[in-house]
Amino acid sequence: MDEFREHEILLPSWISKIPSEMAESRLFIISCFIAGLIGILTIAYTAFQWRRNINLSWMKAIARSKKNPKARNKVPVALHKWVLEAVSRGKSLNCCVCLKSMSPSQALGPMVACDTFIHRCRICGAAAHLGCSSNAHKDCKCVSMVGFENVIHQWAVRWTEVTDQPDETSYCSYCEDPCSGSFLGGSPIWCCLWCQRLVHVDCHSSMSSETGDICDLGPFRRLILSPLFVKELNRASSGGFLSSITHGANEIASSVRATIRSQSKKQKQSNDTSADTGDSNGIGDASTESTADTHQTVNGSHRVEESNNGSINAGGADQHQDGDAVKKLESKPSFKSSSSVDQNDESHIMGLKQRYELIDLPPDARPLLVFINKKSGAQRGDSLRQRLNMLLNPVQVFELSSKHGPEMGLYLFRRVPHFRILVCGGDGTVGWVLNAIDKQNFVSPPPVAILPAGTGNDLARVLSWGGGLGSVERQGGLCTVLSHIEYAAVTILDRWKVAILNQPGKQLQPPKFMNNYLGVGCDAKVALEIHNLREENPDKFYNQFMNKVLYAREGAKSIMDRTFADFPWQIRVEVDGVEIEVPEDAEGILVANIGSYMGGVDLWRNEDETYDNFDPQSMHDKILEVVSISGTWHLGKLQVGLSRARRLAQGQSIKIQLFAALPVQIDGEPWSQQPCTLTISHHGQAFMLKRATEEPLGHAAAIITDVLENAETNRVITALQKRALLQEMALRLS
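Residues numbered from 1 in each chain as written. Predicted model: local features only at pLDDT ≥ 70, side-chain atom pairs only at ≥ 80, totals over all residues. Heavy atoms only, no water.

(A) Seen up close, the overall build of the chain. Secondary structure assignment for the chain yields 20 helices and 28 strands. The buried share of the chain, reckoned over its 734 residues, is 50%. Taking contacts inside the chain between residues at least 6 apart in sequence as the whole, the part at least 24 apart equals 77%. About 35300 Å² of surface is accessible on the chain, with carbon and sulfur atoms providing 55% of the total. (Helix = DSSP H or I, 4+ residues; strand = E, 2+ residues; numbered from the N terminus. Buried < 20%, exposed > 50% of the residue type's maximum accessible area, 1.4 Å probe, protein only. Contact = heavy atoms within 4.5 Å. Areas by Shrake-Rupley, 256 points an atom, 1.4 Å probe, with all protein chains shown as cover.)

(B) Inspection of the nonpolar core at higher detail. By size, the foremost hydrophobic cluster in this structure holds 109 residues, and its most contacted members are Val-370, Ile-421, Leu-451, Trp-465, Ile-485 and Met-688. If we skip the residues at most four places from it in the chain, Leu-451 touches Leu-384, Leu-422, Val-423, Cys-424, Gly-425, Leu-469, Val-472, Leu-478 and Val-481. If you look at the next biggest cluster of nonpolar residues, it comprises 44 residues, including Ile-500, Val-575, Ala-645 and Trp-671. (Core = buried A, V, L, I, M, F, W, Y, C linked by side-chain atoms within 4.5 Å.)

(C) View of the environment of Val-416. As for its placement among the helices and strands, Val-416 is situated in the loop between helix H11 (407-412) and strand S15 (420-425). Separated by 57 residues in sequence, Val-416 and Ile-359 have C-alpha atoms that sit 9.0 Å apart. For Val-416, the contacting residues outside a window of four places in its chain are Leu-358, Leu-361 and Pro-367.

(D) Quick peek at helix H20 (residues 719-733). The first and last C-alpha atoms of H20 sit 21 Å apart over 15 residues, in line with the 21 Å expected at 1.5 Å per residue. Among the residues of H20, Ala-719, Lys-722, Leu-726, Met-729 and Ala-730 are the ones counted as buried. Around the axis of H20, the buried residues are gathered within 100 degrees of arc, so they sit on the same side. Pointing more than 90 degrees away from the buried face of H20 are the exposed residues Leu-720 and Arg-732. (Expected span 1.5 Å × (residues − 1). Arc of directions from axis to C-beta.)

(E) Fine view of a nonpolar patch on the surface. Judged by side-chain polarity, Ile-30, Phe-33, Ile-34, Leu-37, Ile-38 and Leu-41 come together as a nonpolar surface patch covering roughly 620 Å² of accessible area. The residue Phe-33 is located in helix H2 (residues 19-65) in this model. Take Phe-33: its relative accessible area is 60%, and that puts it in the exposed class. (Patch = residues over 30% accessible without salt bridge, like charges linked within 9 Å, V, L, I, M, F, W, Y side chains within 5 Å. Salt bridge = Lys/Arg side-chain N within 4 Å of Asp/Glu carboxyl O.)

(F) Quick look at unusual backbone geometry. The phi torsion at Leu-99 lies on the positive side, around 65 degrees, for a residue other than glycine. Take Leu-99: it is sitting in the loop between strand S1 (82-86) and helix H4 (111-114).

(G) Region of interest: the pairing of strand S24 (residues 646-651). Counting buried residues along S24, five of its six residues qualify, which places the element largely inside the surrounding structure. Examined bridge by bridge, strand S23 (residues 624-629) and S24 share five bridges and lie antiparallel to one another. Bridging across to S24, Leu-624 finds its partner in Gly-651. (Pairing = 2+ DSSP bridges.)

(H) Main features of the pattern of salt bridges. On inspection of all chains with the given rule, the structure shows 17 salt bridges. A salt bridge links Asp-438 to Arg-495, with the shortest nitrogen-to-oxygen separation between them at 2.3 Å. With Asp-438 in helix H12 (residues 427-439) and Arg-495 in strand S17 (residues 489-501), this pair connects stretches of sequence that are 57 residues apart. Since its relative accessible area comes to 27%, Asp-438 is described here as partly exposed.

(I) Seen up close, the packing of aromatic side chains. If you walk through the whole model with that rule in mind, you get six aromatic pairs. A ring pair is formed by Phe-371 and Phe-398, whose centres lie 6.2 Å apart and whose planes are at 45 degrees; its orientation type is tilted. Of this pair, Phe-371 sits in strand S13 (residues 368-372) while Phe-398 sits in strand S14 (residues 397-399); the two residues are 27 residues apart in sequence, bridging distant segments of the chain. Overall, the relative accessible area of 0% leaves Phe-371 in the buried class. Its relative accessible area of 5% is what places Phe-398 among the buried residues. Look at Trp-604 and Phe-614: their rings are 5.3 Å apart centre to centre, the planes differ by 75 degrees, and that puts the pair in the edge-to-face class. Here Trp-604 is found in the loop between strand S22 (588-592) and S23, whereas its partner Phe-614 is found in the loop between S22 and S23, with 10 residues between them in sequence. Using a relative accessible area of 18% as the deciding quantity, one classes Phe-614 as buried. Of note, Arg-647 hangs over the ring of Trp-604, and the distance from its end group to the ring centre comes to 4.3 Å. (Phe/Tyr/Trp six-rings, centres within 6.5 Å; stacked < 30°, edge-to-face > 60°. Lys NZ or Arg CZ within 6 Å of the ring centre and 35° of its normal.)

(J) The arrangement of the side chain of Ser-133 in detail. Note that Ser-133 resides in the loop between strand S3 (127-128) and strand S4 (155-156). Within the structure, Ser-133 has its side chain in polar contact with the side chain of His-119 (distance 2.8 Å). At 3.4 Å, the side chain of Ser-133 and the backbone oxygen of Leu-130 are in polar contact. Those residues in contact with Ser-133 that sit more than four places away from it in its chain are Trp-82, His-119 and Ala-128. (Polar contact = N/O pair within 3.5 Å; in protein donor to acceptor, adjacent residues only side chain to side chain.)

If you want it as structure tokens, here you go:
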């Protein structure tokens, strides 16, 4: 018995405890564990706050240290171009003035309305609270450096994440060590707003003493419009404060009138709409996507934004499409019989609107003129404009709207002997710019590249620029696009004039111009329904994918529709004076100039060997192809590659007689047409840029183009001879 008690004494004390005491010990252990976990989280949070405070200290030190180099090297200062932006789009940013987070405030009451918007610079991407923006440093990108011998680096804090960054710029341009945005990675970094190079703040003094902070504009120096040749025009406002108030009142009144017009349109009957469009719907001469100005009211005040070229654009969150304004704008210059006096007056007005002027450009300058249609199918115009403003000179980036067409940019570049054009938009936007180029009467017009931001992007597909912005981002973003533009091959695109005549042969309206295709029948009906839906509910068309979904939905609705059962007897087709028999099962006729339709469908199929009596399709042979389709179901099968269109004819002159009211579309722009005669004839040829899929071919084409341009500059050849040589080169390379 005593031995048992001795062994019990030797056992651990916790074994001999009663169950209640064991529960208390378990509770004590769990409490200790929770307390330790809370302690670890507290330490982690404290370390995070410490790191954030040190980062803010680094940023403040950068801001203070920037003043000395600016004063020593006399770098010009520039104000930020603030625009209002929803605070939800700037949650990950810090204010460039107080350096606090841009996350929305938790305050209640009237302060909530103020915290729903922030100021964002549309050039450098810096963000600021509404109350801080007036105190921001004047360290934005300076677009004009007239009077300087060289472009000076404009070092700035990288306030926003740069998605379009060349690979070689991830290292310090002086010590060639990797640059890190974290304070644990070493010295903080600056980014040049022009060449996009990075430099450690610690390395800047040594680099400045050796190079003088001279910037060579980086890898895209040939495409960037150098600020040394951009002169700012100081035009005094005629009316001062009273004039600005009057202009603001006019803008508000115009927005009210646009709203009233849009509401009245919705109340019109379909027969009235068709009658109106039959007379005045000049869509073929306007942009594909509606490009109306946008208006925004914040806390009861109407905001007016000044654009880069000195004109006034209304901008904001609430976007209203004003199709009538686009049609009126584009229909005015389409009459070829306008007098030279009117053209001089128009040029004078455009000159008054200009804020900048290009002077003394060197002969080897090859700047890029950019047009952006923010209302294109992808609805990403604002983002594209900011990204291009960071990579290029903001003066060379223009936003298209119902009030400001491509003429403004072409007028600014009127004295530039050799330049290229980049159109960010859909097929209709490209046609809009090509029409404006035609009206300038260039002896040798500039070649045009395309950044596909529309819905179908058929012309961009043919020229190998991709089917949408998604493919562009996957290939490396805008930096890759700019690199491809520099080494792109010049090719030729046939352009066609479509005249709309009545039975006696009198022109009913100004002619339209076709680049891609013309459709009559069921395909135009689907496009017309989508066009009407877009005008009634523009918010539904917010990206490229949803646009295609809506197209598919409208097409599915028409599968069982037999509206075009009598189509073969409602139309008559002549090709080069010979009448072509329309198949009895046809519900649509398509006239194609390029090998892409409806987002990539090849209607002609050059590889098809079942037709021996037809030539291969080409977009620069001055010949059109005519095919027929047998309904909306046939269109769906064409889209997925399960069927093919029926070839009818090829020719240089097409005449289509309509004996009934039928929907018609040109390059995706539809309208309802009353009985008439459509005559299609060759209008001319445009220079386009085609992305070279094979690198040696692209480099050779770029070198040949450069040699010809230099020869013209040195007066070895004339502009007409250069144009003829470029056309011959384009034909041979294709």
